[in-house]
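# Residue-level structural notes
For reference, the chains in residue letters:
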Amino acid sequence: MQNEKLPSKQRSRQKFKLRIGIFVVLLLLSAIAVLLFYPRSPTLESSPSQPESNYAIHKRQEFNQSQFYPTSQTPNPELYQPVGKWVGRLLLPHQQQTQPGVDWVWMEVQHAPPEGQNLVGKIIRLQWQDKPEVKSYVQAVQRNISFTDTTRESQAQGIIHPSRLDGRLLVGPLQSLAGARPNDDVIVTLDDADLVGGNQPYLQIAHEPVIATGRFYGLVKILNPAPPVCPGNPPCGSDFFRVRHYSSASRDFDGVEETIRIPQQVFDTRNIPPSTPREIEKSPAGQAGWYIYGAKDTQGIFVVQGIKPRSLLQLQPQHLILGTEAGLNYIRLQNWRIRPQDKGTVRTVLLDPTTSQPQVAASTWQEGDRAILLHNFGGIGGQKSEGSTAYTITGHFAFGLAQVVRDPITKELQFAIEYQQIYANNADGIIAGRHSWADYMGNLQWGWAATRPTSDVLIKFAPVTQDYDFGGIKLSPLTELQRQLQVMMARYRTGDGTGSATVTPATSCVQDASQALYSAIQVITQQVATTPAIQQWLSNHGNDPQTLRFRQLVRLSSSLQQRLTPLGIVRADWQSNADYLMGTGNGQEPFRDGSNWAALTTWRTMVPRQAHDELAALFLRHGGKLWFLRTNQIGGENPEIAPVAPTLALGEITIPSTNIAPIPIIVNRLLGSLVLPRAKDWLVVGITVLIYSAIALPLGLRSGFLSWSFASTKPFQQLGIILRTIISPAIAEELVFRVLLLPHPIEVINLYRWALWAGFILLLFILYHPLNAKTFYRVGFPTFFHPMFLTLTGLLGLCCTIAYAITGSLWAIVFIHWIVVLVWLLGLGGRKKLSISH
């Protein structure tokens, strides 16, 4: 029966089933691709049906206008601190006042250090310092601004674009910052400014200003609402509150009592207010007090423009998780788990993979320590849910910097956070740039703390967060990352000349933040590789702590590049911009490549949640200490909304009665396996084939199951067998039994559990063959039941499993599977056993 041929009708039915199966698979993959890669709307926050921006709606309220706060009104210095050394409002010069390529703006001084007190309330010039590195930065981001039709259409839909810059030539980063909104209302702080000049003084800076909220801040306990009660329907309760200030003498809230105003923001295009003071005195997030940011109005009342919970930034974690595996489980399963009772709360968790002693974990964070920040926010649910895009709560991703500082008010250590926001044009007027926590998160008009759940991960990893000094040659990975982010933010503000920075799968906050990280890695590694003095220093100081730390940085850089370019293909725009910023390229490639192919080559950084979680996990694996700061719609109570966690791609499609989202799992494993094999991967393939041959050939030949048989076959028929075996069994079986059923090696948390699961899948792989011979592939009967066939099949499955664990590449294991089957069919009697005549 072995040599009997199947009836032609039966063969036709099998071919028909195969074609139908292939068609269904291709249809499913096409649908997933469309959902993943179809361009989204220009902004996350706006609705194209709304012609008016949220920014315009809120600007009609007097307490959101700059002139509402006269500079002559200053609060009690014993109760309030300035938000920066210099605080001011940027004013865009008239086009007739400027020359193309000369980047400066006016600044209304709202607070100044002692040497500049006579300038408060005056308007002075703000410009760049005359330094080569500063000039290089300004020249790299200067652009001629000419709005496109797409930009104008977006503007007509309520999106804020830099309309006052349209038509200007060689606009620099200061002017793009001052002109980002329709009005001159960008408040900034300057901590490195130099006051220059006599009769006409001006300020010089070396770094981009930090966008801030308010002029002063204090620390208070909110006691209860105070009359008068503000009009309108809920959630409005009262604008005025009695508060008690923190006393540095007693270290408690028994200081001065006063009445402040926390304005009720109006409903905007989302049909909710961006913040509310309703029942804020009951907020669990404010149990340790609130930092309030603002200024005094004409009546001398301190009006709050932004808030920040003290408990979030204290160096006192609520939970400690020690060990790598426990930390990885927290990142993957627990960080974004939101229960109904979590609304309005903060959660702080410290992950430390380097110690098993809780007291040691917290004590390693000291004053002056710096950290990289990963930011991710989620969605708005509840009665007034914002909905989702393609079954995905996309959220937003950003980098930032944090430092352990001593608070001037409490004298305690806490985190000072600065966001480096790469942010697309939006309806709220949020600007791409450096933001304080109080401005980006706590601002009552556009901050996200009140409406969205957020996760900020502070990563302390000495190879990245500490500087290097190689015999006088200094390198700073953090400074380089900040420089690359600063370039990207400035180019976002101008839309690289179009006036519009839009969101697509390939060009977005997360993709372009990742591009900045890639460029920073390239610059550092290139500088070390091309500087003989550094190479000599490393060679002469092999055991120096700096050398050991730098080796850790090299290993981390390799892992980061694999994450940022998961297919092994570097995007042309990323490489071009990295070369240009290193001074080795001409920048001819486009700044942002919005094609679907570009998105695919960097798919691991396409969805904010995935980039946030995977980068956090990567640093943890390398020994980084992670401090998680989680908020869930903190501040006043709005019962019409609820916090919703961000998801992976298509993450809202779950298995009924579970939280398991199968499509992201399948897509991630599939895309993860498409990485092109590197040289060492092909070495693994070669060794695997040799080991398999060394075991299989003696066993098969001795048992008689294998026999040398080189029957003559027409070249066309041989080509048919070669092509057919690539698709089935090689690709088909490896996709199912390795790629889709096994976690990709890069995701493995516990190798022992992975090996147990791989063993179970290997058993299924062996059993599948006799089952297939009884159903769809009847030519396999009785060969697929032969003990030696099953033995060799199990050996092949084991070899492919091990090779996949090492390489993570589908193409590597497909080649192994294909070459083994092909040799069996064409040279070891396989065609005869399966009755294959052509």
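This is a predicted model, so every value here is computed, not measured.

Thresholds, definitions, all that
Residues numbered from 1 in each chain as written. Predicted model: local features only at pLDDT ≥ 70, side-chain atom pairs only at ≥ 80, totals over all residues. Heavy atoms only, no water. Salt bridge = Lys/Arg side-chain N within 4 Å of Asp/Glu carboxyl O. Buried < 20%, exposed > 50% of the residue type's maximum accessible area, 1.4 Å probe, protein only. Helix = DSSP H or I, 4+ residues; strand = E, 2+ residues; numbered from the N terminus. Core = buried A, V, L, I, M, F, W, Y, C linked by side-chain atoms within 4.5 Å. Contact = heavy atoms within 4.5 Å. UniProt positions renumbered as here; feature names shortened; annotations may be inferred.

### Details of the pattern of salt bridges
The tally for this structure, following the rule as stated, stands at 33 salt bridges. A salt bridge links Arg-491 to Asp-496; the nearest nitrogen and oxygen atoms lie 2.9 Å apart. Residue Arg-491 is classed as buried on the basis of its relative accessible area, which comes to 6%. Between Arg-678 and Asp-681 there is a salt bridge, with the nearest N and O atoms lying 3.4 Å from each other.

### Concerning unusual backbone geometry
Between Ser-728 and Pro-729 the backbone carries a cis peptide bond, its omega angle lying at 20°. Here Pro-729 is to be found in helix α20 (residues 715-740). One non-glycine residue, Leu-170, lies in the positive phi region at around 50°. Along the chain, Leu-170 falls in the loop between α4 (149-156) and α5 (173-178). Exposure remark for Leu-170: the relative accessible area of 36% places this residue in the partly exposed category. For Asp-496, which is not glycine, the phi torsion reads 55° and is therefore positive. Of note, Asp-496 is situated in the loop between α11 (477-494) and α12 (509-529). The exposure class of Asp-496 is partly exposed, given its relative accessible area of 24%.

### Remarks on the nonpolar core
Of all hydrophobic cores here, the largest spans 102 residues; its most connected members are Ile-417 and Leu-626. Sequence-distant contacts of Ile-417, that is, excluding residues within four places in its chain, are made with Leu-313, Leu-373, Leu-401, Ala-402, His-435, Ser-436, Trp-437, Leu-458 and Leu-629. Counting residues in each nonpolar core, the second largest holds 35 residues, with Val-109, Leu-119, Ile-124 and Leu-203 among its members.

### Examining the UniProt feature "domain: CAAX prenyl protease 2/Lysostaphin resistance protein A-like" (unreviewed entry) in the chain
Per the UniProt entry, the sites bearing "domain: CAAX prenyl protease 2/Lysostaphin resistance protein A-like" (unreviewed entry) are residues 717-821 in this numbering. Helix makes up 77% of residues 717-821 and strand makes up 0%, while its end C-alpha atoms are separated by 16 Å.

### Comments concerning the UniProt feature "transmembrane region" (unreviewed entry) in the chain
Cross-referencing UniProt, the feature "transmembrane region" (unreviewed entry) maps to residues 20-38, 682-701, 721-742, 754-771, 783-804 and 810-828 in the present numbering. Split by type, residues 754-771 is 100% helix and 0% strand. Its first and last C-alpha atoms lie 25 Å apart. With 95% helix and 0% strand, the stretch residues 810-828 has end C-alpha atoms that lie 26 Å from each other.

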